[in-house]
Amino acid sequence: MAGILYLVPTPIGNLNDISPRCAQTLAEADFIAAEDTRVSLKLLNHLEIKKSLVSYHEHNKAESGGKILARLLAGETCALVTDAGSPAISDPGEDLVRLCAENGVTVCAIPGPCALVTALSISGLPTGRFTFEGFLSVNKKSRQEHLTGLKDETRTMIFYEAPHKLLRTLCDLRDTFGGAREITLARELTKLHEQKLRTTLDGAVAYFTETPPKGEFVLVLRGAPERSEPVVTAEQALDLYENAIVPDCADGTMGRAWLTDSGTRQSTAYAVTISYQLSQYDPATGETTYADVDYTPLTDSTRTLAWLRAHGIEPLLEGDSIKYGGDADTQPAINTYETTDSSFGR
């Protein structure tokens, strides 16, 4: 029978934060896999535990991971630890966990110290919703793509950073999110000289330009402000759409994008562009009419089908989409809309 891999969190600064359960697990495991055996040995000496240690870190995880798995499959139990905090979080331990999962080995996580949660809880920033972004890449292109992807993120963001890269990271954050964005920086958490700096990105850059950073940092950054609800009504949107001087505005995709940028709800923008395109041509009179257009049913694909048929337009089904169009001789096909979602307003 296969053994068990235990994920054992270790203190992030104060050795007294090790829990009795963590200590017991370390004492009872057949062996311990450590990020740095020298650091882990100090903790074991503090706990008066003598145990076999094997090295497992970023640079040997492929070779060492296979050896650890073999011992687990043979029935031994292993306690995985990092230098500080919870294993497998922004840590090569995630690869060992995946390896165990693929081979049917049980993984048991023990709760304990975690720098990102500790820093978030004392940041003074919103904690209801947050995203952990770990360490930013040292590759300039990957780093910029990562930050650009977070530009409109409304949740609180958490980053880890080393002291020698802190100032560069703060400058990149300032350039991406603006100097006025609030940030809390935490270092030496749970230690005697724990430091918390609540400021703005401009303030953080100024402070660490004058004060060389020391120690590992957790950066807690306020998210972007929530966008206010659009106030443009369906009737106003139709008027905007009808009278807009925008290239390709008659195209449904371009028109929806333009209306959304103008403050129209997405569902209303869909409804208006569909209604506009379906109503813009009347074969009997050759005139454009928008009389008695009910936009409400057009926020759901199923109800849209009924709406189309009620207005004498038979949709042409094509795979997972619907194509609306009139008589091919008098009116071109209108557009194609996905119907896999439950509503258009997403």
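I tried to follow the sheet that holds strand S4 (residues 78-81) on my own but got confused; where do I start?
Backbone hydrogen bonds hold the strands of a sheet together, and the pairing may be parallel or antiparallel. The strand order S3-S2-S4-S1-S5 describes an open sheet built from five strands, whose pairing is parallel. Whereas interior strands pair on both sides, the edge strands pair on one side only; in this sheet they are strand S3 (53-55) and strand S5 (106-109). Averaged over all pairs of adjacent strands, the angle between their axes in this sheet comes to 25°, without regard to strand direction. Here strand S1 (residues 4-7) runs beside S4; their pairing, made up of three bridges, is parallel. Residue pairing for S4: leucine 7 is matched across the bridge by leucine 80. Lying over the sheet, helix H2 (residues 37-46) contacts strand S2 (31-34), S3 and S4, oriented at roughly 155° with respect to S3.

What is the right way to read the layout of surface pockets from this model?
A probe matching the size of a water molecule, rolled over the atoms, marks out where space remains unfilled. Taken as a whole, the largest pocket encloses approximately 880 Å³ of empty space. Along the wall of the largest pocket there are 29 residues; nearest its centre are Ala84, Ala115, Phe135, Tyr160 and Glu216. For the lining of the largest pocket, the elements supplying multiple residues, two or more each, are strand S7 (156-161), strand S8 (182-187) and strand S10 (217-221). Classifying every residue of the lining of the largest pocket by side-chain character gives 13 nonpolar, six polar and ten charged.

Mind showing me how you'd approach helix H4 (residues 93-102) here?
For H4, the full list of buried residues reads Gly93, Leu96 and Cys100. Down the axis of H4, the buried side of the element spans an arc of 60°, and every buried residue falls inside it. Turned more than 90 degrees off the buried face of H4, the exposed positions are Ala101 and Glu102. Summarising the contacts, the buried residues of H4 are in contact with S1, helix H3 (61-73), S4 and S5.

Which parts of the structure should I look at to understand the environment of threonine 10?
Structurally, threonine 10 is set in the loop between S1 and helix H1 (20-28). By relative accessible area, threonine 10 is classed as buried at 3%. Sequence separation between threonine 10 and proline 113 is 103 residues; the distance between their C-alpha atoms is 6.4 Å. Every residue in contact with threonine 10, bar those within four places of it in the chain, is listed here: Ile18, Leu43, Val81, Thr82, Asp83, Ala84, Gly85 and Pro113.

Please explain empty space enclosed by the protein as it appears in this structure.
Per the counting criterion, the structure on display carries one cavity of 30 Å³ or more. Approximately 30 Å³ is the volume found for the largest cavity. Around the largest cavity sit Glu35, Tyr56, Leu80, Val81, Thr82, Asp91 and Pro92, which together line it. Looking at the lining of the largest cavity residue by residue, the classes come out as four nonpolar, one polar and two charged.

What is the right way to read H1 from this model?
Side chains that are three or four residues apart share a direction in an α-helix, a result of its 3.6 residues per turn. Buried within H1 we find Cys22, Ala23, Thr25 and Leu26. Viewed end-on, H1 has its buried residues packed into an arc of 160°, placing them on one side of the element. For H1, the exposed residues lying more than 90 degrees away from the buried face are Pro20 and Glu28. Packed against the buried residues of H1 are S1, S2, H2 and S4.

Where do I start with the pattern of salt bridges in this structure?
Note that side chains of opposite charge can pair when their charged atoms are close. Enumeration over the complete set of coordinates arrives at 14 salt bridges. When the shortest N-O distance is used, the salt bridge between glutamate 58 and lysine 61 registers 3.1 Å. Judged by relative accessible area, which is 45%, glutamate 58 ranks as partly exposed. For lysine 61, a relative accessible area of 25% puts it in the partly exposed group. Sharing partners across several salt bridges, the network here consists of Glu58, Lys61, Glu94, Asp95 and Arg98.

Please clarify how the packing of H3 against H4 should be interpreted in this entry.
To describe two helices that pack against each other, one gives the angle between their axes and the distance between the axes. Their axes nearest at 10 Å, the elements H3 and H4 cross at an angle of 40°. Relative to H4, H3 is oriented oblique. Relative to H4, the crossing made by H3 is right-handed. For the pair formed by H3 and H4, the contact residues are Lys61, Gly65, Gly66, Ile68, Leu69 and Leu72 on the first element and Asp95, Leu96, Leu99 and Cys100 on the second.

Teacher, can you tell me more about the state of the cysteines here?
What is meant by a disulfide is a covalent connection between two cysteines, made through their sulfur atoms. Summed over all chains, the structure comprises zero disulfides. Of the cysteine sulfurs around cysteine 100, a residue in no disulfide, the closest is that of cysteine 78, at 8.0 Å. Taking the relative accessible area as the measure of exposure, cysteine 100 reaches 0% and is therefore buried.

Rules behind the numbers
Residues numbered from 1 in each chain as written. Predicted model: local features only at pLDDT ≥ 70, side-chain atom pairs only at ≥ 80, totals over all residues. Heavy atoms only, no water. Pairing = 2+ DSSP bridges. Helix = DSSP H or I, 4+ residues; strand = E, 2+ residues; numbered from the N terminus. Axes fitted to C-alpha atoms, helices over the stretch in contact; angles between N-to-C directions. Contact = heavy atoms within 4.5 Å. 1 Å grid on protein atoms, 1.4 Å probe; cavity = no way out; pocket = protein on both sides within 12 Å on 5 of 7 lines; lining within 4 Å. Points joined across faces, edges and corners; volume = space filled by probe spheres on them. Nonpolar A, V, L, I, M, F, W, Y, C, P; charged D, E, K, R; others polar. Buried < 20%, exposed > 50% of the residue type's maximum accessible area, 1.4 Å probe, protein only. Arc of directions from axis to C-beta. Salt bridge = Lys/Arg side-chain N within 4 Å of Asp/Glu carboxyl O. Parallel < 35°, antiparallel > 145°, perpendicular 65-115°, else oblique. Left-handed = near helix turned anticlockwise from the far one by under 90°. Disulfide = S-S within 2.5 Å.

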